[in-house]
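A closer look at the structure
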Amino acid sequence: EAGVTQFPSHSVIEKGQTVTLRCDPISGHDNLYWYRRVMGKEIKFLLHFVKESKQDESGMPNNRFLAERTGGTYSTLKVQPAELEDSGVYFCASSQVKGGAGNTIYFGEGSWLTVV
Amino acid sequence: DQQVKQNSPSLSVQEGRISILNCDYTNSMFDYFLWYKKYPAEGPTFLISISSIKDKNEDGRFTVFLNKSAKHLSLHIVPSQPGDSAVYFCAARGWGTYKYIFGTGTRLKVLA
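Below is a summary of the structure that appears in this document. (Residues numbered from 1 in each chain as written. Chains lettered and ligands numbered in written order. Predicted model: local features only at pLDDT ≥ 70, side-chain atom pairs only at ≥ 80, totals over all residues. Heavy atoms only, no water.)

Observations regarding the sheet that holds strand S8 (residues 75-79) of chain A
Residues and elements named next belong to chain A. In spatial order, the strands read S1-S3-S8-S7; together these four strands make up an open sheet with antiparallel pairing. The open sheet has two edge strands, strand S1 (5-7) and strand S7 (65-68), and neither has a second partner. Strand-to-strand, the axes of this sheet are offset by a mean angle of 15 degrees, without reference to chain direction. Summarising the sheet, S1 and strand S3 (residues 19-24) pair through three bridges and their orientation is antiparallel. Its bridge partner lying in S3, Gln-6 is registered against Cys-23. (Pairing = 2+ DSSP bridges. Helix = DSSP H or I, 4+ residues; strand = E, 2+ residues; numbered from the N terminus. Axes fitted to C-alpha atoms, helices over the stretch in contact; angles between N-to-C directions.)

Put into structure tokens, the structure is as follows:
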């Protein structure tokens, strides 16, 4: 079974440009998360989808970040316009159900974003 | 305010010995805790978890201990192997939520 896949794996853009990151969760996982890690710091929560609905977007830094999950399958995270402080690794994760073994979230390899 | 803290940024252990990684949390509403291992340029990989109704969970060489009164959990790796060298993150989830809060990670180096 395929794991969480993310695209692109690396992106270098100039300040002011737009970048769109894509995440395909594990098939059948209704919960989808975006996290970000800035160099050496914690893996910070950005937002959580259940199917196509945003359940919690309390971690989104500002309105330059827009996440969507049309149809409840893959998700995109757009940064527009990008700023230098947006550089970091953006992780997507997914999980299956509410209780028991479904509490575990599975991560993708991450999308490394560098804004210059 | 950091709700999940890993106060040791790095740890070195001799191969074959025990590795103990620590994690403290501040929110008493956390009910589920996980440990992840992360190699460079890869995503975090799930290692082991524990529910707040337990105080210990074991899986092979990995054991997680939870001390709710101290709001402290630890990951024990016995025996440590060079392949265990990675960054370890602890994470916690509040009851009734899906928001997992991660610590800053501890870099473990197992010396051959």
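Here we look at the pattern of salt bridges
Within the structure shown, the criterion is met by eight salt bridges over all chains. With its nearest N and O atoms 4.0 Å apart, the salt bridge here joins Lys-15 of chain A to Glu-83 of chain A. Taken together, the residues Lys-15 of chain A in the loop between strand S2 (10-13) and S3 and Glu-83 of chain A in the loop between S8 and strand S9 (88-95) connect sequence positions 68 residues apart. The exposure class of Glu-83 of chain A is partly exposed, given its relative accessible area of 22%. Asp-31 of chain B is the partner of Arg-93 of chain B in a salt bridge, and the nearest nitrogen-oxygen pair spans 3.6 Å. Of this pair, Arg-93 of chain B sits in strand S9 (residues 86-94) while Asp-31 of chain B is found in strand S4 (residues 30-38), placing the two residues 62 residues apart along the sequence. For the residue pair Arg-93 of chain B and Asp-31 of chain B, the accessibility class agrees, reading buried in each case. (Salt bridge = Lys/Arg side-chain N within 4 Å of Asp/Glu carboxyl O. Buried < 20%, exposed > 50% of the residue type's maximum accessible area, 1.4 Å probe, protein only.)

Some remarks on the layout of surface pockets
Computed from the structure, the largest pocket encloses a volume of approximately 400 Å³. Going through the elements one at a time, S9 and strand S11 (111-115) of chain A together with strand S11 (106-111) of chain B are the ones with two or more residues in the lining of the largest pocket. Counted by class, the lining of the largest pocket contains 11 nonpolar, six polar and three charged residues. Taken together, the elements giving at least two residues each to the lining of the second largest pocket come down to strand S5 (43-50) of chain A together with strand S10 (100-102) of chain B. Split into classes, the residues belonging to the lining of the second largest pocket amount to five nonpolar, three polar and four charged. (1 Å grid on protein atoms, 1.4 Å probe; cavity = no way out; pocket = protein on both sides within 12 Å on 5 of 7 lines; lining within 4 Å. Points joined across faces, edges and corners; volume = space filled by probe spheres on them. Nonpolar A, V, L, I, M, F, W, Y, C, P; charged D, E, K, R; others polar.)

Shape descriptors only; they carry no functional weight alone.
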